[in-house]
Amino acid sequence: MKARDLASSAPSGTDFHRLVVVSNRLPVVLSPLPGGAWNLERGSGGLVTALQPVLRRSGGLWLGWPGVGEGDTEDIDDVLRTESEALGYELRGVGLTPEEEEGFYLGFSNQVVWPLFHDFQGRCNFRPRYWDAYTSVNRKFAAALAGEARQGDFLWIHDYHLMSVGEGIRKLGVTLPAGFFLHIPFPPLDLFLKLPWRFPLLRSLLSYDLVGFQSVRDRDNFLYTVTSLIPGLELRERGRLVSMEVAGRTVTVGSFPISIDVEEFADASRTPEVVRKAEELDVAHRPPGTGPSKRGLILLGVDRLDYSKGIPHKLRGFRLALRRYPELRGRVSLVQLVVPSREDIPEYHRMKAEIDRLVGEINGEFSRPGWTPVHYRYGQWDRLELLAHYRMARIALVTPLKDGMNLVAKEFCMASPESDGVLILSEHAGASSQLREGAFLVNPYDVEDVAATIQRACGLPEEERRRRMALLQDRIRSEDIHWWVRTFLDAAKGRGEGDEVEPLKRYVPPLPSGFMEGL
Ligand code: GDG
């Protein structure tokens, strides 16, 4: 639905005509070329695809860091202006100095918020100068936003880098409706309270009109934090939305599970090039002695190099499966892609060394002529390769220790409409809430659980595989990225679900049978 259509049917007081998106990165990446020119690459991905139509129709604007320093911004303004005309909506750059980038991005965002919000308190580096850099860059974004914002706008701020922009714009007198969406988890109260700057951060989150989370787990963690710290708040629940009056304003909090552009994804993954590449990969990974009619049994992992993704735990789970279930040896391989990420943080180097070592150990223990247990690639695949791997794999092993959502799980399911693949998914990924019916949910810390589930998934009859995959695909199709944008914007206009909608419940694992007996 068009932004204008949405606005015209909204109740008065919540009307808006132009969408303004703010994120750490712009949907284009600039890099310098020799001779002073700029190379511009357009970003892809579901979020950009979903927001672009709304931005175009509403004559919208996207504000973010173009990936270059502060001194360069005047020069790049022209590049962004030309690109804005081509895209059909405005791009505005916020330049950052190398010091700001270090303290705000590598420091506070990725060594304080990221580990704390993913429950890795021990990895936090609570340096006061990181907080200073974070608030100062957030104020810079807020000033840039206040300079652009006008009557009739809805301001949509994204992710953990920019949580304090809300308070920044309010301090500058901007009263326009503003929403915030957190792409990563929100931690439980006791973890949040470890943060030295917990109160200013909370104040800032409460300065938005709508605060969106990936799952009920995160929404409820936030609500519990707010209601524990601020006495007397009354909550009104309507399906995925919960509203409260804070200092005379209504703040609405919701669970909005992000997704992928299902149609675009399905179309891209059924092109002849992808289908051919998937067949080639299948042949290349087929164990020795298997005829052409028999597909190889490939488990696939696609993860950014990050401790939250639980790659070493996954490798230990796979190793245990090979140790415990000899019938898997020679038949089953794990293809694991690890995408380099945040290479400026030393911690990430140690993690890579651990993964390298584990892969070496597993291959050293089990390899035999014609069969390698782990095919490990540290790097990136282009889109064709990624889609072909999704199509080729029988089982996706998506086992983050904690994840806001995890789009790889959804992409694997949608890469082939006729798929008989199996999804093994961490119960600590936001996606587990939506995908609990078709996936095998595991606790990634429990290597025995992971190993047993791998063995079960490898032996699952085709009919059962198809039944489960159909459930997964139905769910993902009905709540795709366009649904996500629509649902968030509807909530922002006060047009969320009605009172008759059942409150959403968070996912918790079922108790094992016999748990209550003899207690
Ligand atoms: C954050 C939250 C939340 C990966 N390798 C390649 C490649 N990818 C693409 C995947 C997928 C994306 O990157 C990864 O998305 P995830 O959701 O799995 O994870 P994060 O990067 O941690 O994202 C997460 C997300 O925000 C959205 O809100 O779901 O919880 O942590 O789309 O396909 N793409 C290509 N080559 C690769 O090698 N082309």
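Parameters and conventions
- Residues numbered from 1 in each chain as written.
- Predicted model: local features only at pLDDT ≥ 70, side-chain atom pairs only at ≥ 80, totals over all residues.
- Heavy atoms only, no water.
- Near = heavy atom within 4 Å.
- Polar contact = N/O pair within 3.5 Å; in protein donor to acceptor, adjacent residues only side chain to side chain.
- Areas by Shrake-Rupley, 256 points an atom, 1.4 Å probe, with all protein chains shown as cover.
- Helix = DSSP H or I, 4+ residues; strand = E, 2+ residues; numbered from the N terminus.
- Nonpolar A, V, L, I, M, F, W, Y, C, P; charged D, E, K, R; others polar.
- Domains from an automatic or database assignment.
- Core = buried A, V, L, I, M, F, W, Y, C linked by side-chain atoms within 4.5 Å.
- Buried < 20%, exposed > 50% of the residue type's maximum accessible area, 1.4 Å probe, protein only.
- Contact = heavy atoms within 4.5 Å.
- Pairing = 2+ DSSP bridges.
- 1 Å grid on protein atoms, 1.4 Å probe; cavity = no way out; pocket = protein on both sides within 12 Å on 5 of 7 lines; lining within 4 Å.
- Points joined across faces, edges and corners; volume = space filled by probe spheres on them.
- Axes fitted to C-alpha atoms, helices over the stretch in contact; angles between N-to-C directions.

For the rest of this paragraph, the subject is the site of the ligand. H183, W381, D403, M405 and E411 are the nearest of the 21 residues found near the ligand. Between an oxygen atom of the ligand and a side-chain N or O atom of R304, the distance comes to 3.0 Å. Contacts to the ligand include M405, whose backbone N or O atom sits 2.8 Å from an oxygen atom. For the ligand, the protein covers 78% of the area, taking 730 Å² as the surface of the free molecule. Every element with two or more residues in the shell around the ligand is listed here: β12 (297-304), β13 (332-339), α14 (383-392) and α15 (407-414). Of the residues that constitute the shell around the ligand, the class distribution is 11 nonpolar, 5 polar and 5 charged. Each of two domains, domain 1 (3-255) and domain 2 (262-478), supplies a minimum of three residues to the shell around the ligand.

The biggest cluster of nonpolar side chains holds 97 residues, and the ones touching the most others in it are F117, F141, M163, F222, M244 and I454. A domain split of this core shows at least three residues from each of domain 1 (3-255) and domain 2 (262-478). Every residue in contact with F117, bar those within four places of it in the chain, is listed here: M163, L182, I184, P185, F186, P187, F192, L201 and K402.

Further remarks concern the pairing of strand β11 (residues 249-255). The buried fraction of β11 amounts to 5 of the 7 residues, a majority that puts the element mostly inside the structure. Direction of pairing for strand β8 (residues 210-213) relative to β11: parallel, over a ladder of 4 bridges. Counted as the bridge partner of V211 is V253 from β11. In terms of strand pairing, strand β10 (residues 241-246) meets β11 through 6 bridges, oriented antiparallel.

Mapping W38 onto the fold places it in strand β3 (residues 38-42). Judged by relative accessible area, which is 17%, W38 ranks as buried. Once the C-alpha coordinates of W38 and L193 are considered, the two residues, 155 residues apart in sequence, prove to be 44 Å apart.

Unfilled space is identified by rolling a water-sized probe across the atoms. For the structure on display, the rule yields 1 cavity of 30 Å³ or more. Along the walls of the largest cavity sit N110, Q111, P115, R123, Y307, I345, E347 and Y348, which together make up its complete lining. When residues of the lining of the largest cavity are assigned to their parent elements, the largest contribution, 3 residues, is made by helix α4 (residues 98-117).

Time to look at the sheet that holds strand β6 (residues 153-158). Pairing is mixed across the open sheet formed by 9 strands, whose spatial order is β5-β4-β1-β6-β7-β8-β11-β10-β9. Each end of this open sheet is capped by a strand with a single partner; those strands are β5 (90-93) and β9 (236-238). Direction aside, the axes of adjacent strands within the sheet are offset by 20° on average. Note: strand β1 (residues 18-25) against β6, 5 bridges, orientation parallel. Bridge pairing links V20 to L155 in β6. Contacts from helix α5 (residues 128-148) reach β1, β4 (61-65), β5 and β6, with the element oriented near 160° to β4.

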